[in-house]
Amino acid sequence: VITKRYDGMAREYKIKPAADPAHAVFNALETAKRLIEEGKWLVDVMDVESLERIKDLQLLSTKKVIYVINSDEGDLGKEPPIAGGVRISARLEEEIGGLAEDEQKEYMQELGVTKSGLSILITKAYETLGLITFLTAGPKEVRAWTIYKGTLAPQAAGVIHTDFERGFIAAEVVDWKALVDAGGWTAAKSKGLIKTIGKTEEIKDGMVVEFRFSV
């Protein structure tokens, strides 16, 4: 895939003006081609900007990897044989999946397991992809929203609705555990736990958010 794109661009980019983005794309392709020929995994050795320039190629080696080791139940507490890997017992997950929630907790306690393999894998996937979760809460429901770590408040609001981002004024935020411990939004506000943040501040993992906007 790289060679085909590289050969195609090699004939074209030279006639482009120096400021044309095609030059940066071709340089990234040239680097990727050399690294692939050296047997390198691109996501481990190329910078983020270069990877972004060739992302439309959907190269396997630009993807981040999670190593999941299917293990016996007795080995779940041991260090994985691969750095950064996670141990999961497929047999245990199948058994847990057929139980009610309270039975799942009881069964895992008997085995000395604190989290299901699925929960561990989801957490690992979020860490690997740089994702976090914020929450919105109302009388009828609580909802979780997934964003990239470092997302600013207006862009986080846009995940819910584009109007929220377009008319963003501010966001009132509180850590979910502090909110639960306080006994609700009103109680948390009276204790000074609610913080107001603006357009240049990030939404953090586990925040409960109430956006203020005007369209």
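Residues numbered from 1 in each chain as written. Predicted model: local features only at pLDDT ≥ 70, side-chain atom pairs only at ≥ 80, totals over all residues. Heavy atoms only, no water.

Caption draft 1: Structural detail: helix α1 (residues 2-10). For α1, the full list of buried residues reads Ile2, Tyr6, Gly8 and Met9. End-on view of α1: buried residues confined to an arc of 165 degrees, all on one side of the axis. Among the structural elements, α2 (21-37) and α3 (42-45) are those in contact with the buried residues of α1. (Buried < 20%, exposed > 50% of the residue type's maximum accessible area, 1.4 Å probe, protein only. Helix = DSSP H or I, 4+ residues; strand = E, 2+ residues; numbered from the N terminus. Arc of directions from axis to C-beta. Contact = heavy atoms within 4.5 Å.)

Caption draft 2: Layout of helix α8 (residues 153-160). Along α8, the positions that sit buried rather than exposed are Ala153, Pro154, Ala156 and Ala157. End-on view of α8: buried residues confined to an arc of 160 degrees, all on one side of the axis.

Caption draft 3: Molecular detail of the layout of surface pockets. If you add up the space inside the largest pocket, you get close to 400 Å³. What lines the largest pocket is Val43, Met46, Val48, Leu51, Glu52, Ile54, Lys55, Gln58, Leu59, Thr62, Lys63 and Lys64. Counting residues per element, the lining of the largest pocket draws most heavily on helix α4 (residues 48-53), which supplies 3 residues. Grouping the amino acids of the lining of the largest pocket by side-chain chemistry returns 6 nonpolar, 2 polar and 4 charged. (1 Å grid on protein atoms, 1.4 Å probe; cavity = no way out; pocket = protein on both sides within 12 Å on 5 of 7 lines; lining within 4 Å. Points joined across faces, edges and corners; volume = space filled by probe spheres on them. Nonpolar A, V, L, I, M, F, W, Y, C, P; charged D, E, K, R; others polar.)

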